[in-house]
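# Coordinate analysis (summary)
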Amino acid sequence: MPGANAVTRGPYRLLQENFRRPAGAPGALVGHLMTVQHRGLTRWSTEHLDVRRSHHVLDLGCGSGMAVELLARRAGSGFVAGLDYSPTMVRQAVRRNADAVGRGQVAIRRGDVGQLPYEDNTFDRVSAIETFYFWPDPARGLAEAYRVLKPGGRLAVTLEMSREASAVPTLTQLLFGRRFTERSERDGLRILSGAELVAMLDVAGFKDTRFVAEPRRSLGWVCALGSK
Ligand SMILES: C[S@@+](CC[C@H](N)C(=O)[O-])C[C@H]1O[C@@H](n2cnc3c(N)ncnc32)[C@H](O)[C@@H]1O
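Counting restarts for each chain, with residues numbered from 1 along the sequence as it is written. Two thresholds apply to this predicted model, a pLDDT of at least 70 for residue-level local features and 80 or more for giving and counting side-chain atom pairs, whereas whole-chain, interface and lining totals are computed over all residues. The side-chain numbers reported here are obtained from all heavy atoms of the structure, hydrogens and water having been left aside.

The next point concerns the overall build of the chain. Secondary structure elements are taken from DSSP: a helix is a run of H or I of four residues or more, a strand is a run of E of two residues or more, and numbering for both begins at the N terminus. Assigned secondary structure in the chain consists of 9 helices and 7 strands. Two things to know: the radius of gyration comes from C-alpha atoms, and the globule rule equals 2.2 Å times the number of residues to the power 0.38. Over its C-alpha trace the chain gives a radius of gyration of 17 Å, about what one expects of a compact globule, namely 17 Å for 228 residues. By principal-axis analysis of the C-alpha atoms, the chain measures approximately 55 × 40 × 30 Å. Using a 1.4 Å probe on the protein chains alone, a residue whose accessible area is under 20% of its type maximum counts as buried, one over 50% counts as exposed, and one in between counts as partly exposed. Within the chain, buried positions represent 49% of all 228 residues. Should any heavy atoms of two residues lie within 4.5 Å, those residues are counted as being in contact. Taking the contacts inside the chain whose residues are at least 6 apart along the sequence as the reference set, 75% of them involve residues at least 24 apart. Distance from the positive charge centre (32 side chains) to the negative charge centre (23 side chains) of the chain: 4 Å. When charges are counted, neither His nor the chain ends are considered; positive counts come from Lys and Arg and negative counts from Asp and Glu. Working definition for charges: the position is that of NZ of Lys, CZ of Arg, CG of Asp or CD of Glu.

Between N-to-C directions, angles span 0 to 180 degrees; the directions come from axes that are lines fitted to C-alpha atoms, helices contributing only their stretch in contact. Two elements in contact, helix α2 (residues 24-37) and helix α5 (residues 87-96), have axes separated by 9 Å at closest approach and are oriented at 45°. The orientation of α2 relative to α5 falls into the category oblique. Considering the relative orientation of α2 and α5, their crossing is right-handed. Across from G24, G27, A28, G31, H32, M34 and T35 in α2, the residues of α5 making contact are T88, M89, Q92 and R96. Under the convention adopted here, Pro, Cys and the residues Ala, Val, Leu, Ile, Met, Phe, Trp and Tyr are nonpolar, Asp, Glu, Lys and Arg are charged, and Gly plus all remaining residues are polar. For the contact of α2 with α5, the per-class residue count stands at 3 nonpolar, 7 polar and 1 charged. Throughout, the term roughly parallel applies to angles under 35 degrees, roughly antiparallel to angles over 145, roughly perpendicular to angles from 65 to 115, and oblique to all others. Note on convention: near helix rotated counterclockwise from far helix by under a right angle means a left-handed crossing. Clockwise means right-handed.

Inspection of α5 places T88, M89, V90, Q92 and A93 among the buried residues, and these make up the whole buried set. Among the structural elements, α2, β2 (79-84) and β3 (106-110) are those in contact with the buried residues of α5.

One heavy atom suffices: a residue is near a molecule or strand as soon as one of its heavy atoms comes within 4 Å of it. Taken together, 22 residues form the shell around the ligand, and within it H38, G61, D84, I129 and T131 come nearest. For the purposes of these results, a polar contact is taken to be a pair of N or O atoms within 3.5 Å, where, inside protein, one atom must be able to donate a hydrogen and its partner to accept one; residues adjacent in sequence count only when each atom of the pair is a side-chain atom. Take T131: an N or O atom from its side chain is 2.9 Å from an oxygen atom of the ligand. Here the Shrake-Rupley method, with its probe set to 1.4 Å, supplies the accessible areas, and only the displayed protein chains count as covering residues. For the ligand, whose accessible area on its own is 590 Å², the fraction buried by protein is 98%. Its residues assigned to classes, the shell around the ligand comprises 11 nonpolar, 6 polar and 5 charged.

By the element assignment, P151 lies in strand β5 (residues 149-159). Spatially, the C-alpha atom of P151 lies 8.2 Å from that of D124, the residues being 27 residues apart in sequence. Setting aside its immediate chain neighbours within four residues, P151 contacts N121 and K228.

Here you go:
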């Protein structure tokens, strides 16, 4: 049934492309969707990142800027930078954080994780939520995160779809999980286990690496942590 295939491929591809690099009106819509969909995951990730009031924090692939907003509340006397290569997301993140941008507590920039526009040893914390799957050169992105972290600083790479999904699947995982995960992988997304993520952090030079997982949340929440 080629017709049915074409129908199902259309919206899926549009969604996938706009998760990877949100653009134009569909990208703006996906940005708002992610603000709702990723809020719980972002709170969970931020707790593991252990952000303090005075910290300088960087959020890689910041999307609509929801994580930046939450991080700026925690780092109340510090500074939060958001970076994304999508101009649509940069605009959305600036709008969402307009007051903090005006006060100079938040700055959103357009840029690529493979070449960060920040000095060495700048940030106490670096966060990357739901973006690592898409990085064309993950080793380079991790090396850049390491470079801009201060000694003793911490990185959290967090994903809501991983190999950590429950062995006894939830209803969501049963209905969508395997199909969605396999399809995403065919489309070039990097679907990893916690141990695989940790091994990549080790190679990049991070210390005290570990991961935490919530196998029954979404398609297997995972957060890999490491220090410089
Ligand atoms: C699925 S969205 C997640 C956005 C946000 N972190 C969240 O959790 O809602 C992935 C984001 O990563 C960004 N991104 C992907 N690859 C990137 C790269 N190489 N450099 C900068 N941003 C990137 C995309 O533009 C997109 O906004």
